[in-house]
Amino acid sequence: MRGALRQLGLRRLLVTLLALSGAAGAHSLTFSQVDVHLHSDATQLTVTLPTAALTHDPGALPGGTTTTSLKATPLPTPVTQALTRLVTARLHVRAAAGTLPLTVTAVRAAGENVTVTLTAPTARGTVTVQSTLFPDDTLHKTFLNLYRDQTLAGQYALDRTQTTATLDAPREATTQVILTFIREGVRHIFIGPDHILFVLALVLLGGRPRTQVKIITAFTAAHSVTLALATLNVVQLPDRLVESVIALSIVVVGLHDLRALHNPNRTARDPRTALAFAFGLIHGFGFASVLREQALPPDAAVWSLAAFNIGVEAGQLCILLATAATLTLLRRTGPRVTRAGLRVTATAITATGGVWFLQRLLT
């Protein structure tokens, strides 16, 4: 009976890990951006819409519109009319005098995005922005930047569950930026199963506390460096390359785990610290995708970067604590069960990483 329950638990673990491959390969995250400049004589807005999200929004654009046709200059009139209707229907700005009427002044192609420029009357008093640009996309985020003239006064991340943001006073801007991007860092870890599996593969074999600290420190130091470089546009790598190497990193560390479990008595040097640092450099570019998509203004970049990194580390710490607790419970079942469970887990991790690698390399 005990053996049957153990086999059932291991099968469930294997199915869960392999199922993640479909979730990671089937849907890509998209981000829109809304910049609102509050001037004394008018309100100006710039809305940046990703073409990938537009073409997957049913009814948003005329039939036959593709990401390629959205790069045309100028955009076809039916497309500009559709985008005008979309933005004015799904974006609202309210102030003391009520809802401000929005007037679209330009719609332009911008590479992988489309930008819509709008004007509105002067906003006085408390300003509330409501955005539901892509209501059917559960993972889509809209980054909202509110400026008083040229000074950043508030920065927010909106989604299906949080559609509004209110600017009460400029003095709250720094605190709001920090809290917003700490949440985004934590969220990015937990919606990124590839990062979760890589960390899990690194700590799966356990070891002395000093060894664990070295591994995690190496990973943190490496991805912090490239997260900063990529966010500040100092170094850029193609997204396809980054995502493929991230998947490959899971395979490499998973294979190391399997080899170590197959030969538990070998005395070779533990390469996990070096692997954590080397692949951590690539994972940093993956973490930077959220901040890079938002095109942070110079006066907010440092705060956003630091807060996002704190959020990433907080999410990573949660994963490590959960993994340590699970491994402790597993070891109490005895050496044979522990080895079997670790082998099944390492096999599932390696297989999942391999599926992701092929998906990302070939698509």
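Residues numbered from 1 in each chain as written. Predicted model: local features only at pLDDT ≥ 70, side-chain atom pairs only at ≥ 80, totals over all residues. Heavy atoms only, no water.

In terms of regular secondary structure, the chain is built from 10 helices and 10 strands. Split into buried and exposed, the 363 residues of the chain put 46% on the buried side. A fraction of 72% describes how many contacts in the chain between residues 6 or more apart in sequence connect residues 24 or more apart. Only carbon and sulfur atoms are counted for the fraction: they give 60% of the accessible area of the chain, which is about 17,700 Å². (Helix = DSSP H or I, 4+ residues; strand = E, 2+ residues; numbered from the N terminus. Buried < 20%, exposed > 50% of the residue type's maximum accessible area, 1.4 Å probe, protein only. Contact = heavy atoms within 4.5 Å. Areas by Shrake-Rupley, 256 points an atom, 1.4 Å probe, with all protein chains shown as cover.)

Turning our attention to the pattern of salt bridges. For the structure on display, the rule yields 7 salt bridges. For Arg 360, the salt bridge goes to Glu 243, with nearest N and O atoms at 3.5 Å. On the criterion of sequence distance, the pair formed by Arg 360 in helix 10 (residues 335-362) and Glu 243 in helix 7 (residues 239-262) is long-range, its members being 117 residues apart. Under the relative-accessibility criterion, Glu 243 is labelled partly exposed at 28%. One salt-bridge network, in which partners are shared between bridges, spans Lys 141, Asp 159 and Glu 184. (Salt bridge = Lys/Arg side-chain N within 4 Å of Asp/Glu carboxyl O.)

A contiguous patch of positive charge, built from Arg 208, Arg 210, Lys 214 and Arg 269, is present on the exposed surface. Residue position: Arg 210 is located in helix 6 (residues 209-231). (Patch = residues over 30% accessible without salt bridge, like charges linked within 9 Å, V, L, I, M, F, W, Y side chains within 5 Å. Lys, Arg positive; Asp, Glu negative; His and termini not counted. Charge placed at Lys NZ, Arg CZ, Asp CG, Glu CD.)

This next bit is on the packing of aromatic side chains. Scanning the entire structure with this criterion turns up 4 aromatic pairs. Ring geometry for Phe 143 versus Phe 181: centroids 6.1 Å apart, planes at 5°, classification stacked. Residue Phe 143 is located in strand 8 (residues 141-148), and its partner Phe 181 is located in helix 4 (residues 173-190); the two are separated by 38 residues in the primary sequence. In terms of burial, Phe 143 and Phe 181 fall into one category: buried. Pairing Phe 198 with Phe 279 gives two aromatic rings, centres 6.2 Å apart and planes at 80°, and the pair type is edge-to-face. With Phe 198 in helix 5 (residues 193-203) and Phe 279 in helix 8 (residues 272-294), this pair connects stretches of sequence that are 81 residues apart. In terms of burial, Phe 198 and Phe 279 fall into one category: buried. Among the aromatic residues, ring-to-ring pairing joins Phe 31, Phe 143 and Phe 181 into one connected group. (Phe/Tyr/Trp six-rings, centres within 6.5 Å; stacked < 30°, edge-to-face > 60°.)

Here strand 3 (residues 91-95) shows one buried face, formed by Leu 91, Val 93 and Ala 95, and one open face, formed by His 92 and Arg 94. In this sheet, strand 7 (residues 127-131) lies alongside strand 3 in antiparallel orientation, the contact comprising 4 bridges. Bridged to Arg 94 within strand 7 is Thr 128. Bridge analysis of strand 3 against strand 4 (residues 98-99) gives 2 bridges, and the strand direction is antiparallel. When the sheet's bridge partners are listed, Arg 94 is paired in strand 4 with Thr 99. (Pairing = 2+ DSSP bridges.)

Once that is clear, we can look at the UniProt feature "transmembrane region" (unreviewed entry) in the chain. When the UniProt feature table is mapped onto this chain numbering, "transmembrane region" (unreviewed entry) sits at residues 188-206, 273-291, 303-330 and 342-362. The distance separating the terminal C-alpha atoms of residues 188-206 is 25 Å; by composition the span is 74% helix and 0% strand. Taken end to end, residues 342-362 comprises 100% helix and 0% strand; its first and last C-alpha atoms sit 30 Å apart. (UniProt positions renumbered as here; feature names shortened; annotations may be inferred.)

In this section: the layout of surface pockets. Quantified by volume, the second largest pocket comes out at close to 650 Å³. Where the lining of the second largest pocket is concerned, the elements lending two or more residues are helix 6, helix 7, helix 8 and helix 10. Of the residues in the lining of the second largest pocket, the class split is 8 nonpolar, 8 polar and 9 charged. (1 Å grid on protein atoms, 1.4 Å probe; cavity = no way out; pocket = protein on both sides within 12 Å on 5 of 7 lines; lining within 4 Å. Points joined across faces, edges and corners; volume = space filled by probe spheres on them. Nonpolar A, V, L, I, M, F, W, Y, C, P; charged D, E, K, R; others polar.)

Relative to the helices and strands, Thr 175 is located in helix 4. The partly exposed category is assigned to Thr 175, whose relative accessible area is 48%.

Mean pLDDT over the chain stands at 83; residues scoring 70 or higher make up 86%. Low pLDDT, under 50, characterises residues 13-27; the predicted model gives this stretch 22 contacts beyond four residues in sequence or across chains. (pLDDT = per-residue confidence, 0-100.)

Turning our attention to the sheet that holds strand 4. Spatially, the 4 strands line up as an open sheet ordered 4-3-7-10, and their pairing is antiparallel. If you trace the sheet from one side to the other, it starts and ends with strand 4 and strand 10 (164-167), each paired once.

This part takes up the sheet that holds strand 9 (residues 151-158). Across a sheet, paired strands are connected by hydrogen bonds in the backbone, their directions being either parallel or antiparallel. The strand order across the open sheet formed by 6 strands is 5-6-2-1-8-9, and the pairing between neighbours is mixed. Sheet topology places strand 5 (103-110) and strand 9 at the edges, where each strand pairs with a single neighbour. When strand polarity is set aside, the average angle formed by the axes of neighbouring strands in this sheet is 15°. Bridge analysis of strand 1 (residues 31-38) against strand 2 (residues 43-50) gives 6 bridges, and the strand direction is antiparallel. (Axes fitted to C-alpha atoms, helices over the stretch in contact; angles between N-to-C directions.)

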